[in-house]
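Each chain, letter by letter, is given below.
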Amino acid sequence: MIASHLLAYFFTELNHDQAQKIDKYLYDMRLSEETLQEVSQRFGREMEKGLGADTNPTASVKMLPTFVRSTPDGTEDGDFLALDLGGTNFRVLRVKVSDNGLQKVEMENQIYAIPEELMRGSGVQLFDHIAECLANFMEKLKIKDKKLPLGFTFSFPCHQTKLDESILVTWTKGFKCSSVEGKDVVSLLRKSIKKRGDFDIDIVAVVNDTVGTMMTCGYDDHNCEVGLIVGTGTNACYMEEMRHIDLVEGDEGRMCINMEWGAFGDDGVLNDIRTEFDREIDMGSLNPGKQLFEKMISGMYMGELVRLILVKMAKEGLLFGGSLTPDLLTTGHFETRYVSAIEKEKEGLQKAHEILTKLGLEPSHEDCVATHRICQIVSTRSANLCGATLAAVLRRIKDNKGLDRLRSTVGVDGSVYKKHPHFARRLHKTVRKLLPDCEIRFVRSEDGSGKGAAMVTAVAYRLAAQHKARQKILEALKLSHEQLLEVKQRMRIEMEKGLGKETHEEATVKMLPTYVCSTPDGTEKGDFLALDLGGTNFRVLLVRVRNGMRRGVEMHNKIYSIPVEIMQGTGEELFDHIVHCISDFLEYMGMKGVQLPLGFTFSFPCRQTSLDEGILLKWTKGFKATGCEGEDVVSLLKEAIHRREEFDLDVVAVVNDTVGTMMTCGYEDPYCEVGLIVGTGSNACYMEEMRNVELVEGEEGRMCVNMEWGAFGDSGCLDDFRTEFDVAVDELSLNPGKQRFEKMISGMYLGEIVRNILMDFTKRGLLFRGRISERLKTRGIFETKFLSQIESDCLALLQVRSILQHLGLESTCDDSIIVKEVCTVVARRAAQLCGAGMAAVVDKIRENRGLDFLKVTVGVDGTLYKLHPHFSAVMQETVKQLSPRCEVTFLQSEDGSGKGAALITAVACRIREAGQR
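Report on the accompanying structure. (Residues numbered from 1 in each chain as written. Predicted model: local features only at pLDDT ≥ 70, side-chain atom pairs only at ≥ 80, totals over all residues. Heavy atoms only, no water.)

This part is about the packing of helix α4 (residues 123–140) against helix α5 (residues 185–196). Two measures define how a pair of helices packs: the angle their axes make with one another and the distance between the axes. Where α4 meets α5, the axes come as close as 9 Å, and the angle between the chain directions of the two elements is 60°. In this view, α4 runs oblique relative to α5, as classed from their interaxial angle. At the point where α4 passes α5, the crossing takes the right-handed sense. For the pair formed by α4 and α5, the contact residues are Val124, Phe127, Asp128, Ile130, Ala131, Glu132, Leu134 and Ala135 on the first element and Val185, Leu188, Leu189, Ser192, Ile193, Lys195 and Arg196 on the second. A class-by-class count of the residues in the contact of α4 with α5 yields 10 nonpolar, 1 polar and 4 charged. (Axes fitted to C-alpha atoms, helices over the stretch in contact; angles between N-to-C directions. Helix = DSSP H or I, 4+ residues; strand = E, 2+ residues; numbered from the N terminus. Parallel < 35°, antiparallel > 145°, perpendicular 65-115°, else oblique. Left-handed = near helix turned anticlockwise from the far one by under 90°. Contact = heavy atoms within 4.5 Å. Nonpolar A, V, L, I, M, F, W, Y, C, P; charged D, E, K, R; others polar.)

And the structure:
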């Protein structure tokens, strides 16, 4: 009993000693964690080189764009064909993908041989043969009458320029067909099919087997964004951000990159970790100096590496008693599958004995232990190196996404990964060690080159069909030059109606006289008070206007809030509160005893009968103070001042904020005769000839007209331009049927239009994988400021995704692109409609004055105009196109409602004084 224990112990010790000897001998093949980190970092740098336009030509890792822009989302559907050509056999497959809630893939395939003489014949013969086999397959399945989409896996080095165009760089794997290199293989196949004329197919995609691997796994696991092959050869692909791919136009979205990573090290960056055995393998290969990384890790070379080590050790008398056999000395006689067999847990040593004996050796137990250890070291190094480069890829994806922790899936194929007993486990372990902050899942791919090609095609088909459906819906929001001219003409008609005495009553664009008859001329001077009431806050301002050398405007202001109970109480309470605030401000400024002229910006619908009289038509914005509607707000203010008996003010003008905007800019630019606001709401005003303002007596001079253009279209004259989304937004608003133009262009509604379109897309399965979240159903959730943020050029799609996440919308990269596109279309239409309205205004001014050419400035204010990245440019471009005989300058206004009111007062005082003189 004791003897057998001792014997076992003796054997274990012996094995251990032998293994240690080998470890020492192959010290250079055992890579530390530091070395692996270093390899990983170097590989990251090589990836950068391959992606850069300037560095790509000299990069060894080529990082080829594949034009595959999206991974499966599980909604793919249809009947597809696939061709798989990558060796002496080729396959034709039919793949049925169905998505009725249950993702399902059915496949039928047939293998066809490629005779030796065809591999070396002409390209035409080869592709004719492929077309013939395809016809035979379709005949057999009785699908020759259908035009099915086809994916073509073509596993040779290619330069791809489109998804369905691939130029063969060089033949490999024993193929030598003439006149194919440098040509597009898709058009060669198309030619051969056309020549036959007995069937037609739609070749949608050419794919490389690595990409196919990623796509096959991606169908079952939507997190899959990396494909890896470790078989006879090795390669990887992954989804890269378009903005980093210099070789392809465009920055939006992602594209799969076929890395061709077997060539890592061809430029010498791995020389310090390559061993004498690696050099020897390379020297004896068909392509010396090329694919150096592949030669260190792939199945084609693993057995050979072990053989070279055995030969060297035998020559040095360290193995087999120094004896060698012709078999052991023959290249390729120690196959990679032997490595897998020898490393099996239980029967490994016995297998080693069998294999070595087959090679004509007489191995001792120590020789078997040593061989086992050598296999272990070679295959472990392979798994470690593979893990190091894969970690670099995953780290890059993580950085691209700006995540602290990446959850991702790698689709893997290849005989080494699948058949070697420990390779996969070691690879996973290395990746975990090098990337502790990532959760990576590995999924074995089933038939990447066949099913994968069909998947790429299915995704391309889905994307094309969805794109078409979305474009059809968005078409209604895209306005042609003719349509915009039509809007301009209709605005002009409505303006005439509003100005005419007979037609004013039924007109929707009210064209209200403001009694402001002049813009600043620069000689204004003095101290003025301004009040600005337009919402829940209320401002009092002191504005000092200087002329002459020190010309300019200096302002002091204070903001007061208006409590809800006062907004909804009596008129007396409201105006007493306002006067109380004025009193506080005058005290604060130390001006209690001074009587100042005052301008009152009152941003509610009013009918003016003179500059200092405005009849409130109706309260808006949540105000409900009683006893005010139908009354003159200036009288109400004056009465409140008298009630207080503390100070007296000279109320000179009641103004609307749009007019204030025009006046503020008019102080800077004498050509400014138009005011425009595009913010939460929208409105415009301009200087009209008195002879056209039929509601006011007098023919001489000009008067500013407050258009109230938000109501354009309330008569139904824009119905043919309104979409179902505009109708939906209008119906659910607080004032259905009112302010229809405003609802198409202003900040308060654009986000809501976008939300309605996104809902529609999602219901149709064109977005968010067809899943509508509760948040998306919530009115007003999609604020207009998000439009500005999403469309901002410097924003990567990452930030679009985080805005969507904040809205509770789980989005893919493709979803983000779609949301951005919807925002662009909606904002562009708003800017164009606004431009069409503005074109009507400037052309009317030009015609009023009988000019061939008008130079005019528009003063503009409003958050949408100021903050949206493209609104102002699109609007200006539209005005230019629709009014070619006007040179229109747009000037951003600073504080039209405060400073503007003071300037109107200043101009009125100047004119009053001139009249008195």
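Its location among the elements puts Arg254 in strand β11 (residues 254–258). A distance of 2.8 Å separates the side chain of Arg254 from the side chain of Glu225, its partner in a polar contact. Among residues more than four places away in sequence, those in contact with Arg254 are Val68, Arg69, Glu225, Met239, Glu240, Glu241, Met242, Lys401 and Cys813. (Polar contact = N/O pair within 3.5 Å; in protein donor to acceptor, adjacent residues only side chain to side chain.)

Spatially, β1-β11-β10-β9-β12-β13 is the arrangement adopted by the 6 strands of the open sheet, whose pairing is mixed. Looking at strand neighbours, the two that pair on one side only are β1 (64–65) and β13 (438–444), the edges of this open sheet. In the sheet, β1 pairs with β11 via 2 bridges, with the strands oriented antiparallel. Across the sheet, the residue bridging to Pro65 is Ile257, located in β11. Contacts from helix α6 (residues 209–220) reach β9 (224–230), β10 (234–241), β11, β12 (406–413) and β13, with the element oriented near 130° to β9. (Pairing = 2+ DSSP bridges.)

Strand pairing in a sheet relies on backbone hydrogen bonds, with the paired strands running either antiparallel or parallel. With mixed pairing, 5 strands are arranged side by side in an open sheet as β4-β3-β2-β5-β8. A strand with exactly one partner marks an edge of an open sheet, and here the two such strands are β4 (103–113) and β8 (202–207). Averaged over all pairs of adjacent strands, the angle between strand axes in this sheet comes to 20°, irrespective of strand direction. Where strand β2 (residues 78–85) meets strand β3 (residues 89–99), 8 bridges bridge the pair, whose relative direction is antiparallel.

Turning next to the packing of aromatic side chains. Per the stated rule, a full pass over the model turns up 24 aromatic pairs. Ring centres 5.2 Å apart and planes at 20° place the aromatic pair Trp619 and Phe623 in the stacked group. Phe623 matches Trp619 in its accessibility class, with the two residues each being buried. Site record: aromatic cluster; members linked through ring pairs are Phe152, Phe154, Phe156, Trp171 and Phe175. One cation-aromatic arrangement involves Lys558 over Tyr588; the distance from NZ or CZ to the ring centre is 4.5 Å. Looking at Lys855, its charged tip hangs above the ring of Tyr671, at a distance of 4.7 Å from the centre. (Phe/Tyr/Trp six-rings, centres within 6.5 Å; stacked < 30°, edge-to-face > 60°. Buried < 20%, exposed > 50% of the residue type's maximum accessible area, 1.4 Å probe, protein only. Lys NZ or Arg CZ within 6 Å of the ring centre and 35° of its normal.)

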